[in-house]
Amino acid sequence: MFLTKLAFKNLIRHRNRTVVTAIIIAFAIFIFILMDSMIGGMTEMSYNNIIDYEAGHLQLVNQKYWEAEEELPLENLMVVNQQVMTKTENIQGYQASSPELNFSARLNNGTNELPVIGKGIIPNRLMQVFELQDQFVVGEMFSPGEYKAVMGKRLADLLKLDKGDYITLLVKDKNETFNTIDAEIAGLLHTGNPNINNNIVYLPLDIVQQSLNVDNQVSKVIVRLENKDLALGVANQLENNLKAINDNWSVYSWDELEAVSVAGAKEMGNQMILAIILLIAAIAIINTVILAALERMKEIGMMKAMGLQRKEIIYTFVLESTGIGILGGIVGLILGAFGVWIFTIYGIDFGTIMGSNIEMASFGIPVIGKMYGVWNPESFLLVFSFGVIVSFLSSILPAYWAASKDPVEAIYHS
Amino acid sequence: MALLELYNVKKIYQQGKIEVPALRGIDLTVEKGEFTTVFGPSGSGKTTMLNMIGCLDKPTSGSINFNGQELEDLDKKGLAMLRRHNIGFIFQSYNLIPVLTAYENVEFAIRLVDKHSKKELRDKVMNILANVGLDGLEARRPNELSGGQKQRVAIARALVKEPKLVLADEPSANLDSKTSEEVLELMVKMNEELGTTFIFSTHDPQVMDYAHRMLEIRDGLISEDKRGKSYVSD
């Protein structure tokens, strides 16, 4: 108990040093909380971008197609009949669904061409599932049966295309025969999803089906639910229902998609970077303990002469450092909470920071306009505990070094 | 009965490849209650001998028996416990803990050895502080005390746990002659009142008058062993 009292009294011994070390820890914790909030916000927006523009909440697909999806095959497609639609529409939280036929194509403007992903869609159903309505920079969505196309503004810019221009899509149909689809550009999109902006060309489903010679088949059906939390449970339920119609059909929820797992992996990488920030706090603590030990060498010698054991001397140093960690942790939490509060209310406009000509979406960060932070109480608890534990652990070695000094050398240390 | 027995104690320090003998074979017996001064020129081995006696350092050869216990049989923890319960130290630079008050510096020593009730502990600390003339100064921190007052706190700290032996390494070296005299008189008083065995080193001839026994050390050997006043135990 007395040693505990001594340790806490030592905290105010060199007030400035204690404060500086605590500030370093507080700053590290503050940055961690802020970055965690930003990453959380970015991840949330990233998930929403994938859901809102690319994948919806559920995807109904033939399992064999799913396995080869990257090649955009025209085999193992599905026919969506009334029975399938009824089963789909009856699931909990159902809002809308949109069939799509995906294919690879070369987009030609008469002079140049680029590889793209074509999507045959039913316009009104696509607009119900995806948040594309407000993303048109120029023009609008086409109607079924029209030889018209919609694509990303960025893709159009690359080929110097604009609304009203004509494009040719070079495709291979189901029988590996070359075919072309000519269409007029009806509208250009600019979404928060770089994949949509750079790679996708939307066309009416019936025209694509005819050009690819796939009758009334589609690659998949995208389903939108009331909220994304329902997805996993509903996916299993719907899959079981659809298996009765076709054993090969599967249902995938948004969080099973590869793009989402990549976003998760990015988050893990960021956590590693943040761990480095806390390492700086550990170095500050080690530095403080070594300085304190060097200054108190005679005192350590005296303590040993009084009969204190090594572990008791280590205890006083470790407790002192832990105290600094707690102090820094509390200040860091308060600053962090304030920062996140500001961040969630006012957000950050990366466009302004990076310059108006640069979009974060260009770097694969699916953010357009302002980005807002999210509250993550778990991270507050985690970083505080981590800060205190780091302070505790990083002081053990220098404290052990100090407490292991020969008592005679320590007493007569000059 | 002898409190302390040293048999042919040698201490050799290694400085690179050179061996520097600090003690060349000390034989000494100290009885309980003795008030002994160790004197000699700088580098003669006074401090080394006190460090051996105080279990802070181990001899290169020879043996030390403290109150019937062979020190070489004890490990680090055993030596720490022996110091904690039986030996008080007073150093010339006081070595007080600056963040603790005079009261707390003394309290620290007694807290290590026994679990007293709050009241007993307070009485004990206040009594010893009063005995060393620090009545009313117990709430002061070391930086608010004079050199003499600091040394009194150090003496109180060494004595409060009622050790069998107090070792003082040049306790008056940093004090003026008047304060030095007061401190030595205080140590004599404690020796007489409590029967505590004192061994202190000095090279100041003025302070030797207070001792019952004077050991002169030269070149790592006891060159003279003079007895003056009678022992307290007599």
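The coordinates are above.
This section reports on the structure supplied with the text. Everything numeric here is computed off the predicted structure, so don't read it as measured data.

## Describing the overall build of chain B
The secondary structure content of chain B amounts to 6 helices and 10 strands. Expected size for 234 residues packed as a compact globule is a radius of gyration near 17 Å; at 18 Å, chain B falls within 12% of this value. If one aligns the C-alpha atoms of chain B with their principal axes, the spans along those axes are about 50 × 45 × 40 Å. A fraction of 70% describes how many contacts in chain B between residues 6 or more apart in sequence connect residues 24 or more apart.

## Side note on the interface of chain A and chain B
If you look at the interface, chain A gives 22 residues, while chain B gives 27 residues. At the boundary of chain A and chain B, one finds 3 salt bridges. Between B:Glu104 and A:Lys9 there is a salt bridge, with the nearest N and O atoms lying 2.8 Å from each other. Viewed at the interface, chain B and chain A are joined by 5 residue pairs in polar contact (both at pLDDT 80 or more). Elements supplying a minimum of two residues to the side of chain A that touches chain B: α1 (2–11), α11 (297–305) and α15 (407–411) of chain A. Here the side of chain A that touches chain B is built from residues that sort into 12 nonpolar, 3 polar and 7 charged.

## Observations regarding helix α3 (residues 102–113) of chain B
Burial within α3(B) is extensive, with 11 of its 12 residues counted as buried. Among all positions of α3(B), only B:Ala102, B:Tyr103, B:Glu104, B:Asn105, B:Val106, B:Glu107, B:Phe108, B:Ala109, B:Ile110, B:Leu112 and B:Val113 are buried. At its buried positions, α3(B) is contacted by α1 and α11 of chain A together with α2 (76–86), α4 (118–131) and α5 (147–159) of chain B.

## A word on the packing of helix α2 (residues 15–55) of chain A against helix α12 (residues 310–346) of chain A
All names here are of chain A. In contact at an axis separation of 7 Å, α2 and α12 are set at 35° when each is read in the N-to-C sense. With respect to the hand of their crossing, α2 and α12 are arranged in right-handed fashion. Looking at the contact of α2 with α12 residue by residue, the class counts come to 15 nonpolar, 9 polar and no charged.

## Notes on unusual backbone geometry
Trans is the common state for peptide bonds, and a negative phi is the common state for residues other than glycine. Positive phi, close to 45°, is recorded for B:Asn8, a residue that is not glycine. One can find B:Asn8 in strand β1 (residues 2–15).

## As for a nonpolar patch on the surface
Residues and elements named next belong to chain A. On the surface, Phe-338, Trp-341, Ile-342, Ile-345, Tyr-346 and Trp-375 cluster together into a nonpolar patch covering about 650 Å² of accessible area. Take Ile-342: it is sitting in helix α12. A relative accessible area of 31% means that Ile-342 is categorised as partly exposed.

## As for the packing of aromatic side chains
Under the criterion given, the structure shown has 8 aromatic pairs over all chains. Each ring, one from A:Phe2 and one from B:Phe108, has its centre 5.0 Å from the other, and the planes form 20°; the classification is stacked. Of this pair, A:Phe2 sits in helix α1 while B:Phe108 sits in helix α3, on two different chains. B:Phe108 carries the same exposure label as A:Phe2, and that label is buried. With a centroid separation of 3.9 Å and 10° between ring planes, the pair formed by A:Trp66 and A:Tyr252 is classed as stacked. With a gap of 186 residues between them, A:Trp66 in helix α3 (residues 63–67) and A:Tyr252 in strand β12 (residues 249–253) connect regions that are remote in the sequence. Residue A:Trp66 is classed as buried on the basis of its relative accessible area of 18%. Since its relative accessible area comes to 13%, A:Tyr252 is described here as buried. Every member of this aromatic cluster is reached through a ring pair, and the members are B:Phe35, B:Phe198 and B:Phe200.

The rules behind each value
- Residues numbered from 1 in each chain as written.
- Chains lettered and ligands numbered in written order.
- Predicted model: local features only at pLDDT ≥ 70, side-chain atom pairs only at ≥ 80, totals over all residues.
- Heavy atoms only, no water.
- Helix = DSSP H or I, 4+ residues; strand = E, 2+ residues; numbered from the N terminus.
- Rg over C-alpha atoms; globule rule 2.2 N^0.38 Å.
- Contact = heavy atoms within 4.5 Å.
- Salt bridge = Lys/Arg side-chain N within 4 Å of Asp/Glu carboxyl O.
- Polar contact = N/O pair within 3.5 Å; in protein donor to acceptor, adjacent residues only side chain to side chain.
- Nonpolar A, V, L, I, M, F, W, Y, C, P; charged D, E, K, R; others polar.
- Buried < 20%, exposed > 50% of the residue type's maximum accessible area, 1.4 Å probe, protein only.
- Axes fitted to C-alpha atoms, helices over the stretch in contact; angles between N-to-C directions.
- Left-handed = near helix turned anticlockwise from the far one by under 90°.
- Patch = residues over 30% accessible without salt bridge, like charges linked within 9 Å, V, L, I, M, F, W, Y side chains within 5 Å.
- Areas by Shrake-Rupley, 256 points an atom, 1.4 Å probe, with all protein chains shown as cover.
- Phe/Tyr/Trp six-rings, centres within 6.5 Å; stacked < 30°, edge-to-face > 60°.

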